[in-house]
Amino acid sequence: MSEYSKIFRDGMWTTNVAFVQLLGLCPLLAVTNTVINGLGLGLATTLTLILSNVTVSLVRNLVRPEIRIPVFVIIIASVVTAIELAMNAWFHDLYKILGIFIPLIVTNCSIIARAEAFASKNNVPHSFADGLFMGLGFTLVLITLGAIREGLGFGTLFRQAHLMFGEAARSLQITLISDYQGFLLAILPPGAFFGLGLLIAAKNIIDKRRAAKKPLTVPAPVAATAA
Amino acid sequence: MSLIISSPHQHPANSVSRVMLSVVYALIPGCIAHVWFFGPGLLVNMSIAIAAALLTEAWILRLRRRPIKPALYDGSALVTAILFALTLPPLAPWWIPFVGIVFAMIFAKHLYGGLGQNPFNPAMVGYAMLLIAFPQEMTRWSVPQLPELHSLGWLDVLRHSFTGALPTGTGYDALTMATPLDHTKTQIALDQTVQAAHASYKFMGQIAGYGWEWINILFMFGGAWLIVRRIITWHIPAAMLCGLGLFALVAFLSAPATHASPLFHLFSGATMLGAFFIATDPVTAATTTRGRLIYGAGIGVLIYIIRYWGGYPDAVAFSVLLMNMAVPTIDYYTQPRVFGHKG
């Protein structure tokens with residue numbers, strides 16, 4: 001069980017794809033101008049990570065190491081193609097907004113990184129958990145960054161929620177500041193860089209404070225056996 | 001000995017504040033002309049910007065656990081705020097100077113490590129951010145203060161800044177207008193000749209826009225005084241003005257109908273302010289002699305390119321920021337040969 005809690009903590013925080021590994025920055029910076037866009041891309045990426053991790057883990061003993069990279073690439077490409085077609089069918093408006101970034105999930109380094117670093121060395125349930133939590137960790141950052149940028153840029157949260165949850169969700173939109181004239185910079189690409197930079201800084205501060213609170217544990221000296 | 005000449009690096013202990021104060025003095029004539037021609041809005045913006053700059057500086061230094069007093073008294077935040085306020089349209093709501101300078105101090109100055117560490121000119125970062133984020137407020141330049149025009153007094157400007165209310169019977173249409181650079185650019189885009197564009201602009205002066213030419217001339221004299229006082233060297237302003245002037249001259253001679261004269265470019269917009277006060281910022285400019293010439297000329301050429309082909313009527317801020325980015329490379333390739341070493 002502790003194995004899973006470690007996978008959970010690694011994915012959501014300690015080795016978070018966006019905060020710590022700084023992978024997949026291109027879609028992260030490009031589509032996070034609203035919460036819903038971030039959520040849509042985050043869930044698509046999570047699904048890709050789960051499916052590719054599970055598949056890679058299933059075939060890990062059949063694939064020779066020399067050809068593993070092409071095999072991973074084919075698996076990831078197939079998964080992304082399937083997800084792209086599915087989104088085109090069921091979330092067509094969101095698909096149009098996210099545009100090129102859905103097929104570009106295939107180039108998100110975090111996916112091949114997890115396939116190579118985790119799924120090809122671990123069993124199927126662990127790989128599933130890793131894909132799920134790495135994906136959710138990425139989604140968390142996408143949503144947070146989307147919320148900051150949407151809040152500053154439009155003064156709202158969850159605008160265009162109907163793209164994802166159907167017409168009934170239109171009322172989900174929260175107006176933070178009425179009569180807000182908008183802060184264009186937050187929605188433009190520079191806002192994404194500033195926002196992500198500040199988020200990473202905030203994470204580092206939290207980690208530092210936590211480390212400072214913990215009593216310093218000195219590892220027990222290792223007995224010198226081979227002197 | 002100037003602060004920004006290379007070694008030996010011995011100079012008076014208060015040299016930063018001495019340099020900064022000299023810069024402030026040199027700006028005064030141009031600022032007076034600015035107020036004279038475009039109303040008291042500049043002073044309102046400047047007061048807000050200075051107050052916000054000093055408060056932000058103190059706050060960030062506290063966060064960074066650095067001594068606050070010496071940094072506040074060295075005048076660098078003051079100069080940043082003044083230069084920044086000079087770029088703003090005189091009729092701006094109070095939050096324009098406030099947001100701009102706070103952003104500049106935090107993001108352009110202190111996130112990089114404070115005075116001396118910032119690769120980008122903070123005043124220009126603040127201006128560029130505002131121009132991108134609030135295009136409407138940032139492109140409303142005041143009409144010149146002329147007897148036949150309705151001009152706003154002190155109280156009107158203050159009230160507009162804090163409440164957004166204009167006196168009854170006036171509106172932005174009556175109080176603001178395109179700048180000469182802006183008007184010329186739009187008319188050329190409409191297939192008019194430069195001459196027709198200038199003729200259709202209501203307030204042309206002798207060589208450039210009414211008011212603008214005097215502001216530029218006075219900034220030029222202020223800058224010349226700084227060169228005489230050895231606060232700045234002549235390299236960057238001269239290279240920048242030559243870069244802009246020569247490029248404009250070649251363009252003007254080859255197609256006088258679509259390219260404004262070099263004099264118009266040299267005495268319009270922020271050219272002189274940029275050449276003597278912004279491009280010469282000792283922190284963000286190139287430091288070698290040859291490097292300064294390249295850096296200045298690059299800014300001049302970029303100004304012309306953006307003014308003519310780009311999307312904005314003036315281009316000092318973007319050109320300076322782009323060349324700021326090139327400074328480490330320029331400095332790397334223009335290191336002077338150490339005496340006794342092979343080149």
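Rules and cut-offs
Residues numbered from 1 in each chain as written. Chains lettered and ligands numbered in written order. Predicted model: local features only at pLDDT ≥ 70, side-chain atom pairs only at ≥ 80, totals over all residues. Heavy atoms only, no water. Helix = DSSP H or I, 4+ residues; strand = E, 2+ residues; numbered from the N terminus. Buried < 20%, exposed > 50% of the residue type's maximum accessible area, 1.4 Å probe, protein only. Contact = heavy atoms within 4.5 Å. Areas by Shrake-Rupley, 256 points an atom, 1.4 Å probe, with all protein chains shown as cover. Lys, Arg positive; Asp, Glu negative; His and termini not counted. Charge placed at Lys NZ, Arg CZ, Asp CG, Glu CD. Rg over C-alpha atoms; globule rule 2.2 N^0.38 Å. 1 Å grid on protein atoms, 1.4 Å probe; cavity = no way out; pocket = protein on both sides within 12 Å on 5 of 7 lines; lining within 4 Å. Points joined across faces, edges and corners; volume = space filled by probe spheres on them. Nonpolar A, V, L, I, M, F, W, Y, C, P; charged D, E, K, R; others polar. Buried area = accessible area lost by both parts, 1.4 Å probe. Salt bridge = Lys/Arg side-chain N within 4 Å of Asp/Glu carboxyl O. Polar contact = N/O pair within 3.5 Å; in protein donor to acceptor, adjacent residues only side chain to side chain. Patch = residues over 30% accessible without salt bridge, like charges linked within 9 Å, V, L, I, M, F, W, Y side chains within 5 Å. Expected span 1.5 Å × (residues − 1).

Thoughts on the overall build of chain A
Stage number 1. A tally of regular secondary structure across chain A gives ten helices and two strands.
Stage number 2. Along chain A, helices and strands appear, N-terminal first, in the series α-α-α-α-α-α-α-β-α-β-α-α.
Stage number 3. Projected onto its principal axes, the C-alpha coordinates of chain A cover approximately 75 × 45 × 30 Å.
Stage number 4. Put simply, chain A has 227 residues, and 43% of those count as buried.
Stage number 5. Contacts spanning at least 24 positions in sequence make up 77% of the contacts within chain A whose residues lie at least 6 apart.
Stage number 6. Just so you have it, chain A exposes about 12,200 Å², and 69% of that area is on carbon and sulfur atoms.
Stage number 7. Taken as two groups, the 17 positive and 11 negative side-chain charges of chain A have centres that lie 9 Å from each other.

Topic: the overall build of chain B
Stage number 1. Secondary structure summary: chain B contains 17 helices and zero strands in total.
Stage number 2. For chain B, the C-alpha radius of gyration of 20 Å lies close to 20 Å, the compact-globule estimate for 343 residues.
Stage number 3. Counting only C-alpha atoms and orienting by the principal axes, one finds that chain B spans roughly 65 × 50 × 30 Å.
Stage number 4. Here chain B, with 343 residues, has 55% of them falling under the buried criterion.
Stage number 5. Summarising the internal contacts of chain B: among those between residues at least 6 apart in sequence, 76% fall at separations of at least 24.
Stage number 6. Side-chain charges in chain B split into 18 positive and 12 negative, and the spacing between the mean points of these groups amounts to 17 Å.

A word on unusual backbone geometry
Stage number 1. A positive phi angle is found at F158(A), which is not glycine, with a value near 60°.
Stage number 2. Examined against the element boundaries, F158(A) turns out to sit in the loop between β1 (156–157) and α8 (162–165).
Stage number 3. Notably, R65(B) is not glycine yet its phi reads approximately 55°, a positive angle.
Stage number 4. As for its placement among the helices and strands, R65(B) is situated in the loop between α2 (41–63) and α3 (69–73).
Stage number 5. Given the relative accessible area of 75%, R65(B) is considered exposed.

Let's talk about the layout of surface pockets
Stage number 1. Of the voids in this model, the largest pocket is the one considered here, and its volume is about 1,200 Å³.
Stage number 2. Lining the largest pocket are 35 residues, and of these F194(A), I106(B), F107(B), A108(B) and L111(B) sit closest to its centre.
Stage number 3. Sorting the residues of the lining of the largest pocket by element identifies α10 (189–213) of chain A together with α2, α5 (95–109), α6 (122–133) and α17 (316–333) of chain B as the ones contributing at least two each.
Stage number 4. If one sorts the elements of the lining of the largest pocket by residue count, α10(A) sits on top with eleven residues.
Stage number 5. In terms of residue class, the lining of the largest pocket is made up of 26 nonpolar, three polar and six charged.
Stage number 6. Taken together, 32 residues line the second largest pocket, and the ones lying closest to its centre are T87(B), Y127(B), W141(B), W212(B) and D314(B).

What to know about the environment of F118(A)
Stage number 1. For F118(A), the location among the structural elements is in the loop between α6 (109–117) and α7 (124–154).
Stage number 2. Considered as a pair, F118(A) and S57(A) are 61 residues apart in the sequence and their alpha carbons are 8.5 Å apart.

Things to note about the side chain of Q187(B)
Stage number 1. With respect to the element layout, Q187(B) can be found in helix α10 (residues 180–189).
Stage number 2. Those residues in contact with Q187(B) that lie beyond four places of it in its chain are Q192(B), A197(B) and S200(B).

A short note on empty space enclosed by the protein
Residue and element names in this part refer to chain B.
Stage number 1. Under the definition given, this model contains four cavities of 30 Å³ or more.
Stage number 2. Put simply, the largest cavity is a space of about 130 Å³.
Stage number 3. What lines the largest cavity is a set of 16 residues, and nearest its centre among them are F38, L91, S142, Q145 and L152.
Stage number 4. By volume, the second largest cavity is sized at about 50 Å³.
Stage number 5. Taken together, F38, W141, S142, P144, M177, A178, T179, P180, Y201, F203, Y210 and W212 make up the full set of residues lining the second largest cavity.
Stage number 6. Considering only residue class, the lining of the second largest cavity consists of ten nonpolar, two polar and no charged.

A short note on the interface of chain B and chain A
Stage number 1. If you look at the interface, chain B gives nine residues, while chain A gives eight residues.
Stage number 2. Summed over both partners, the interface of chain B with chain A buries about 700 Å², with 80% contributed by carbon and sulfur atoms.
Stage number 3. At the boundary of chain B and chain A, one finds zero salt bridges.
Stage number 4. The tally of links from chain B across to chain A stands at zero residue pairs in polar contact (both at pLDDT 80 or more).
Stage number 5. Looking at the side of chain B that touches chain A, the elements with two or more residues in it are α5, α6 and α7 (135–138) of chain B.

Topic: a nonpolar patch on the surface
Residues and elements named next belong to chain A.
Stage number 1. Taken together, the side chains of I148, L152, F158, F165, L172, I174, L176, I177 and Y180 present a nonpolar region at the surface, about 760 Å² in accessible area.
Stage number 2. Assignment of secondary structure puts I174 in strand β2 (residues 174–175).
Stage number 3. The class of I174 is partly exposed, set by a relative accessible area of 39%.

Considerations on helix α16 (residues 289–309) of chain B
Residues and elements named next belong to chain B.
Stage number 1. For α16, spanning 21 residues, the distance from its first C-alpha to its last is 30 Å, which sits close to the expected 30 Å at 1.5 Å a residue.
Stage number 2. Residues of α16 that are buried: G291, R292, Y295, G296, G298, I299, G300, I303, Y304, I306 and R307.
Stage number 3. The inward-facing, buried residues of α16 abut α10, α13 (235–254), α14 (262–266), α15 (271–278) and α17.
Stage number 4. Where α16 starts, the residue carrying a side-chain oxygen 3.0 Å from the main-chain nitrogen of G291 turns out to be T288.

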